[in-house]
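Examination of the molecular architecture
Given next are the chains, with one letter for each unit.
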Amino acid sequence: MNILVIGSSNTDMTALVPSIPGPGETVVGSGYRVTLGGKGANQAVACARQGARVTFITALGNDSLAQDHLASFKKEGIDTSFIARKPVHTGVALIFVDQNGENSIGVAAGANDMLSPSDIDAADGCFREGDILLLQLEIPSETVLYAARKAKERKMKVILNPAPVRNIPRELFSCTDIITPNRHELAALGIAPEKLFEMGTEYLITTLGAEGVKLVSSGESYIVPAYKVRPVDTVGAGDCFNGAFAASLAMGYDIRASLERAVAAAAIAVTKEGAQAAMPTARETELFIQNNSI
Ligand code: ATP
Ligand code: RIB
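An account of the accompanying structure is given in this report. Every residue gets a number counted from 1 within its own chain, in the order that chain's sequence is written. Chains and ligands are labelled by the order in which they are written, letters from A for the one and numbers from 1 for the other. Only residues with pLDDT of at least 70 get local features here, since the model is predicted, and only at 80 or more are side-chain atom pairs given and counted; chain-wide, interface and lining totals rely on the full set of residues. Hydrogens and waters are ignored; side-chain quantities use all the structure's heavy atoms.

**Considerations on the site of ligand 2**
Around ligand 2 lies a shell of 13 residues, among which Asp12, Gly38, Lys39, Glu138 and Asp239 are the nearest. Residues adjacent in sequence count toward polar contacts only when both atoms are side-chain atoms; beyond that, a polar contact is any pair of N or O atoms within 3.5 Å, and within protein one must be able to donate a hydrogen and the other to accept it. One nitrogen or oxygen atom from the side chain of Asn10 is found 3.0 Å from an oxygen atom belonging to ligand 2. Lys39 is positioned such that a nitrogen or oxygen atom in its side chain is 2.7 Å from an oxygen atom of ligand 2. Only the protein chains shown count as cover for residues, with accessible areas throughout obtained via the Shrake-Rupley method and a probe of 1.4 Å. Alone, ligand 2 offers 280 Å² of accessible surface; in the complex the protein occludes 96% of this. Both site types are read off a 1 Å grid over the protein atoms alone. A 1.4 Å probe that fits but cannot get out defines a cavity, while an open set with protein on both sides within 12 Å along at least five of seven lines defines a pocket; lining residues have an atom within 4 Å of a point. Grid points define the cavity or pocket, and a molecule sits in it when more than half of its atoms lie within 2 Å of them. Using a 2 Å cut-off from the grid points, one finds that ligand 2 occupies the largest pocket. For the shell around ligand 2, the secondary-structure elements that each account for two or more residues are β2 (10-16) and α1 (39-49). When residues are sorted by character, Ala, Val, Leu, Ile, Met, Phe, Trp, Tyr, Cys and Pro go into the nonpolar class, Asp, Glu, Lys and Arg into the charged class, and all the rest, Gly among them, into the polar class. Counted by class, the shell around ligand 2 contains four nonpolar, five polar and four charged residues. Proximity criterion: a residue is near a molecule or strand once any of its heavy atoms comes within 4 Å of it. Where helices and strands are cited, they refer to DSSP runs of H or I of at least four residues and of E of at least two residues respectively, numbered from the N terminus.

**Focus on the site of ligand 1**
By nearness alone, 18 residues border ligand 1, and Asn182, Thr207, Gly209, Gly212 and Thr234 come closest of all. Within the backbone of Gly238, an N or O atom sits 3.0 Å from an oxygen atom of ligand 1. In the complex, the protein chains occlude 84% of the 620 Å² of accessible area that ligand 1 would expose alone. Counting only elements with at least two residues in the shell around ligand 1, the list comes to α8 (237-250) and α9 (255-270). Per-element tally for the shell around ligand 1: the top contributor is α9, with three residues.

**Overview of the packing of α9 against helix α10 (residues 282-291)**
Note on geometry: axes are C-alpha line fits, over the in-contact stretch for helices, and angles between N-to-C directions span 0 to 180 degrees. The geometry of α9 relative to α10 is characterised by a closest axis approach of 9 Å and an angle of 100 degrees between their N-to-C directions. One finds that α9 runs roughly perpendicular with respect to α10. In contact with Arg261, Ala264, Ala265, Ala267 and Ile268 of α9, α10 contributes Ala282, Glu284, Thr285, Glu286, Phe288 and Ile289. Here the contact of α9 with α10 is composed, by residue class, of seven nonpolar, one polar and three charged. Just so you know how the angles are binned, under 35 degrees is roughly parallel, over 145 roughly antiparallel, 65 to 115 roughly perpendicular, and the rest oblique. The contact criterion used throughout is that any non-hydrogen atoms of two residues lie within 4.5 Å.

**So, the layout of surface pockets**
Grid points are joined across faces, edges and corners, and a volume is the space filled by probe spheres set on the points. Its boundaries defined by the atoms lining it, the largest pocket holds a volume of some 1300 Å³. If you go around the largest pocket, you meet 45 residues; those closest to its centre are Asn182, Gly209, Thr234, Ala237 and Gly238. Contributing elements (two or more residues each) for the lining of the largest pocket: β2, α1, β7 (91-97), β8 (103-108), α6 (183-189), α8 and α9. Looking at the lining of the largest pocket residue by residue, the classes come out as 21 nonpolar, 16 polar and eight charged.

**Notes on the pattern of salt bridges**
Any Lys or Arg side-chain nitrogen located within 4 Å of an Asp or Glu carboxyl oxygen qualifies as a salt bridge. This model, assessed by the stated rule, comprises 15 salt bridges. Among the ionic pairs, Lys150 bridges to Asp121, the shortest N-O distance being 2.9 Å. One end of the pair, Lys150, is in helix α4 (residues 141-153); the other, Asp121, is in helix α3 (residues 117-121), and 29 residues separate them in sequence. Buried, partly exposed and exposed residues are distinguished by accessible area as a fraction of the type maximum, computed with a 1.4 Å probe on protein chains only: under 20%, between the cut-offs, and over 50%, respectively. The class of Asp121 is partly exposed, set by a relative accessible area of 33%. Within the structure, one salt-bridge network assembled from shared partners comprises Asp121, Asp124, Lys150 and Arg154.

**Some words on unusual backbone geometry**
Peptide bonds are mostly trans, and most non-glycine residues show a negative phi. A cis amide bond links Ala163 to the next residue, Pro164, at an omega of -10 degrees. Looking at the secondary structure, you find Pro164 in the loop between β10 (157-160) and α5 (171-174). Despite not being glycine, Lys155 has its phi angle at roughly 60 degrees, a positive value. Residue placement: Lys155 occurs in the loop between α4 and β10. Look at Lys155 and you get exposed, because its relative accessible area is 57%.

**Focus on the environment of Ala48**
Relative to the helices and strands, Ala48 is located in helix α1. The contacts of Ala48, once residues within four sequence positions are left out, are Val54, Glu76 and Ile78.

**What to know about the packing of aromatic side chains**
Between 30 and 60 degrees the pair is tilted, below 30 it is stacked and above 60 it is edge-to-face, where a pair is any two Phe, Tyr or Trp rings, Trp via its six-membered ring, whose centres lie within 6.5 Å. Applying the stated criterion across every chain, the model contains three aromatic pairs. On the basis of an interplanar angle of 80 degrees and a centroid distance of 5.2 Å, the ring pair of Phe56 and Phe73 is categorised as edge-to-face. Note that Phe56 is positioned in strand β4 (residues 53-57) and Phe73 in helix α2 (residues 64-75), a separation of 17 residues in sequence. When sorted by exposure, Phe56 lands in the same class as Phe73, which is buried. Ring geometry for Phe241 and Phe245: centres 6.0 Å apart, planes at 5 degrees, overall stacked. Of this pair, Phe241 and Phe245 both sit in helix α8, four residues apart, which is roughly one turn of the helix. Two thresholds decide whether a charge sits over a ring: the Lys NZ or Arg CZ must be within 6 Å of the ring centre and within 35 degrees of the ring normal. Positioned above the aromatic ring of Phe127, the side-chain terminus of Lys150 is 5.7 Å from the ring centre. The ring of Tyr222 is capped by Arg256, whose NZ or CZ atom sits 3.9 Å from the centre of that ring.

Below you can see the structure in the form of structure tokens.
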């Protein structure tokens, strides 16, 4: 089973500060780093490091930042054949990380905002029955819906990570098999679980940060607790969770085992700096599960 990830790529410019600045406030810290990020790209890398076969559709700009992304995707073994290039800047995320590993992020979307349904059509052959489509909301919602519709027509399994949360067409829920909001995103979506199930979504999986993850379907509900770790940088925790979860499903694990692997992978990720840099391999994840208990 292959995974098709469609979403954003950003260059993350991160300042390490004692506390996250509020409106009108300047906070002086000392650390700074430039790393590869973007929710789509992070999830594609997380899937690939877990050993899944991944094709990534994204839009990059006409600047040197784009080259860094392309080189990295290739190094990760990700199929880059359908990456679009746009005559604007590559997406940039300005990130503050505080002493507790908490973060705040502002994104200049650039090329991500230009990923269009015609870019999806250019990759028509990637929509194959039985494969997984993994989506987030950091690209235009019309493109997300277009891809989800196509995937449903082709009998793919669609996983939607509704981040960053925004107003989305209701039809998207009926094209989604598994939806993975965090707590805030779930509240902002403004839809009851029963309504989601009525519209065709099979599983609602809510990530709960240090408390783990909750699965609800029409027939069951349970929590998979998080591992107790000391977080260094939680940027990309949700992306790691989503990527590792999709990869585990693609590799044949059932839903509960996939959640357990994803929770372990995300626990590793929060103990490392950066987004893509922090994504663990399948081997690291398995060793972590062997050596730690929840
Ligand atoms: P982010 O926006 O920071 O990438 P998110 O808000 O999308 O993350 P979270 O619910 O914070 O998602 O985290 C996703 C998963 O990562 C959680 O379900 C959990 O398994 C793991 N995780 C996050 N924070 C911690 C933590 N402090 N300790 C252990 N595991 C964590
Ligand atoms: O989810 C984390 C990501 O959100 C960062 O890598 C940043 O690029 C923003 O898109």
